[in-house]
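Notes for the structure review
Letter by letter, the chains look like this.
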Amino acid sequence: AQEAVINARADKLLAQEEVWIRKGVEARRTRSQGRVKRLHALRAARAARRDTMGQVQLDVDAASGGYQGKLVAELQDVRLAFGDKLIVDHLSTSVLRGDKLGLIGPNGAGKTTLLKLILGELEPDSGQVRRGANLQVAYFDQMRAALDMDATLEDFISPGSEWIEIGSKRQHVKSYLGDFLFSPARAHSPVRSLSGGERNRLLLARLFARPANVLVLDEPTNDLDIDTLELLEELLQNYEGTVFLVSHDRAFLDNVVTSTLVWEGPGRWQEYEGGVQDWLAQSARWQALREAESGSATPATASPSGGIDKPAPASTQPSEPPLKKKLSYKEQRELDALPTHIEALEAEQAAIRDKLADGTLYQSDLQQAIALQARDSAIDEELTVALERWEALAG
C-alpha cells in the first residue's frame, strides 16, 4: 500500500512536469535546465518501475469476416442539415480499408454527425452514400455512455462468461483485465470505484475485445496515462482496419492518421492528405496560390479549425515582444536559490523513501514510520509550491 501511494505521488508530479515541458519556451532557458533534467529522471524512474501487473497489453479482434472489398464508404455530393444548421454541404470523398481518417473542427461543427452519416446511422438530405459490405464498427464513446457504474469489471468486459475470445485466442477475463493493469482482485469491483483514467482503460479493454474492422475513437486521449497513450498510438498505427479519429491532440493525430477532414465553415469540409502539420502546409500553399491568382498582395487571415492554429500572415508593423517584468533584487535571489532548495527537498524525500522501502521500520518503530510518511507527503506539497514559484519567477 505504501508503494502504491508513493507511485501515485510520483505519477502526479510527472504529469505536472509533462504539462510544463510542453509549454516549450521555459525549458530552453539555461536556468530551467535543472528542471528538464529532473523531468528526464522522473520519466526514467517511471519507465523502470516494476508494476505488479506489468505494462498494458493491447490487441484488437480484427473481425474474422473482414471486409468484402476495399470500400468502407463513398460520399457523392452529400448534403445534410438540421433545420437552419448546415452540417455537410456538397461533400464528396471516399474512405477505403486501412485508411486512418482524422476529423478536425471546433466543438459543435458536426464531427460526430458526419461520422454517423459516413457509417450509415444517418442518411443525407441529398446526394449518395455507398457503404462497404460486412462493416463491423466498434465505438469509443466520448460521453462514456456505455459505462454501467453498477456492473463489475468482469461483467462489463464479458457479461455472463469468464472467458473472452479475441480472434483465435481464448483468454480468461481476469487475465485480459490484467493486460490493462487491473489486478485479479479488482475484477469483482464495481465500475464506479474506478478513477477517470481507469474508466478510460476499461472502455479501451471493452472496445478492443469486440470483433471490429472499423474503429471510431472520439477524443480517446482524455485521461489516459502515458503508458496507455503510447501503446494505443502504436496499436492504431499497426491496425489493419479503418480508423476514424476525432481529437484535439495535435501530436496524436499526426502520429496516427493518414488523412484529415477539416471543417472550414458551416457545412464545408475539406480533405487533406496526412495529419495536422500536412494540413497546415497544404492549406497555406492553397491560400498563397489563390492570392497569387487574384493579385492580392496582402494575405487574408485564415480562421483556425478546432482550436489548432494556422500560420498567421505577416504584419506590416514589426511586432514587439512583450516586456518581461524585471525581477527585484529579492526575487532574483529567491529564483537563484530555488534549484538548490528543490534538490535538497528531493534528496530528503529520497532518503525517507529508502528508509520506508524495506518495510522493517514499520515493525521496529511504527511511530517513526508514520512520521516519515507524513514528512514525505509534506515534501510533495513543498515541491509543488517551489516548482510553481520557480515557473512564476522564471516566466
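Bear in mind the structure is a predicted one, so any value in this text is a computation, not a measurement. Along each chain, the written sequence defines residue order, and numbers are assigned to residues from 1. Two thresholds apply to this predicted model, a pLDDT of at least 70 for residue-level local features and 80 or more for giving and counting side-chain atom pairs, whereas whole-chain, interface and lining totals are computed over all residues. Working from all heavy atoms in the structure, the side-chain values ignore hydrogens and water.

Before going further, it helps to spend a moment on the pattern of salt bridges. The term salt bridge refers to a pairing of a side-chain nitrogen on Lys or Arg with a carboxyl oxygen on Asp or Glu at a separation within 4 Å. Counted according to the given criterion, the structure contains 10 salt bridges. Here R131 ties to E123 by a salt bridge, and the two come within 3.3 Å at their closest N and O atoms. Categorising residues by exposure relies on relative accessible area from a 1.4 Å probe, with only protein chains included: less than 20% of the type maximum marks a residue as buried, more than 50% marks it as exposed, and the intermediate range marks it as partly exposed. Its relative accessible area of 25% is what places R131 among the partly exposed residues. A salt bridge links R375 to E382; its shortest N-O distance comes to 2.7 Å. Connected through salt bridges with shared partners, the residues E348, R375 and E382 form a single ionic network.

On a regular strand, each side chain points to the face opposite its neighbour's, so the side chains alternate between the two faces of the sheet. Each helix is a run of H or I in the DSSP string that is no shorter than four residues. Each strand is a run of E no shorter than two, and both are numbered from the N terminus. Where burial is concerned, most of strand 3 (residues 100–104) is hidden: 5 out of the 5 residues are buried. Residue alternation in strand 3 divides its side chains into two sets, K100, G102 and I104 and L101 and L103, and both sets are buried. Should DSSP find at least two bridges between two strands, the strands are regarded as paired. Here 4 bridges tie strand 3 to strand 10 (residues 259–263), and the two strands are oriented parallel to one another. Opposite L101, over in strand 10, you have S259 as the bridge partner.

Before going further, it helps to spend a moment on the sheet that holds strand 8 (residues 214–218). Reading across the sheet, the 6 strands line up as 5-8-9-3-10-11 and stay open at both edges, with mixed pairing between neighbours. With partners counted over all chains shown, the strands left at the sheet margins are strand 5 (137–140) and strand 11 (269–273), one partner each. When strand polarity is set aside, the average angle formed by the axes of neighbouring strands in this sheet is 15°. Residue contacts follow a heavy-atom distance rule, with two residues in contact if any of their heavy atoms lie within 4.5 Å. To define axes, lines are fitted to C-alpha atoms, for helices over the stretch in contact only, and angles between the resulting N-to-C directions are given on a 0 to 180 degree scale. Running at roughly 160° to strand 9 (residues 242–246), helix 3 (residues 111–119) makes contact with strand 3, strand 5, strand 8, strand 9, strand 10 and strand 11 of the sheet.

Let us look at the side chain of E233. On the secondary structure map, E233 appears in helix 7 (residues 226–238). Any pair of N or O atoms that falls within 3.5 Å is considered a polar contact. Within protein, one atom must be able to donate a hydrogen and the other to accept it, and sequence-neighbouring residues count only if both atoms are side-chain atoms. Of the polar contacts made by the side chain of E233, one reaches the side chain of N255; its length is 3.2 Å. Sequence-distant contacts of E233, defined by excluding residues within four places in its chain, comprise F252, N255 and V256.

The next point concerns unusual backbone geometry. For H90, which is not glycine, the phi torsion reads 55° and is therefore positive. In this fold, H90 is placed in strand 2 (residues 85–96). According to the relative accessible area criterion, H90 is partly exposed, its value standing at 49%. Of note in the backbone geometry, L181 takes a positive phi value of approximately 70° without being a glycine.

The length a helix should cover is 1.5 Å for every residue beyond the first. Spanning 13 residues, helix 6 (residues 196–208) covers 19 Å between terminal C-alpha atoms, matching the ideal 18 Å at 1.5 Å per step. Along helix 6, 10 of the 13 residues are buried, which leaves the element largely enclosed by surrounding structure. If you check which residues of helix 6 are buried, you get G197, E198, N200, R201, L202, L203, L204, A205, L207 and F208.

This next bit is on the packing of aromatic side chains. For this analysis, a ring pair means two rings from Phe, Tyr or Trp (six-membered ring only for Trp) whose centres lie within 6.5 Å, classed as stacked if their planes differ by under 30 degrees, edge-to-face if by over 60, and tilted for the remaining angles. The final tally for this structure, using the stated rule, is 1 aromatic pair. Our definition puts a charge over a ring when NZ of Lys or CZ of Arg is within 6 Å of the ring centre and also within 35 degrees of the ring normal. The ring of F182 has R201 sitting right over it, with the charged end atom 5.0 Å from the ring centre. The ring of F156 is capped by R206, whose NZ or CZ atom sits 4.4 Å from the centre of that ring.

What follows deals with the packing of helix 10 (residues 329–357) against helix 12 (residues 366–394). The N-to-C vectors of helix 10 and helix 12 enclose an angle of 155°; their axes lie 9 Å apart at closest approach. Taken together, helix 10 and helix 12 sit at an angle that is classed as roughly antiparallel. Between helix 10 and helix 12 lies a crossing whose hand is left-handed. When residues are sorted by character, Ala, Val, Leu, Ile, Met, Phe, Trp, Tyr, Cys and Pro go into the nonpolar class, Asp, Glu, Lys and Arg into the charged class, and all the rest, Gly among them, into the polar class. Classifying every residue of the contact of helix 10 with helix 12 gives 16 nonpolar, 3 polar and 11 charged. Any angle between 65 and 115 degrees counts as roughly perpendicular, while under 35 counts as roughly parallel, over 145 as roughly antiparallel, and the rest as oblique. Each helix crossing is assigned a hand: it is left-handed if the near helix lies turned anticlockwise from the far helix by less than a right angle, otherwise right-handed if that turn is clockwise.

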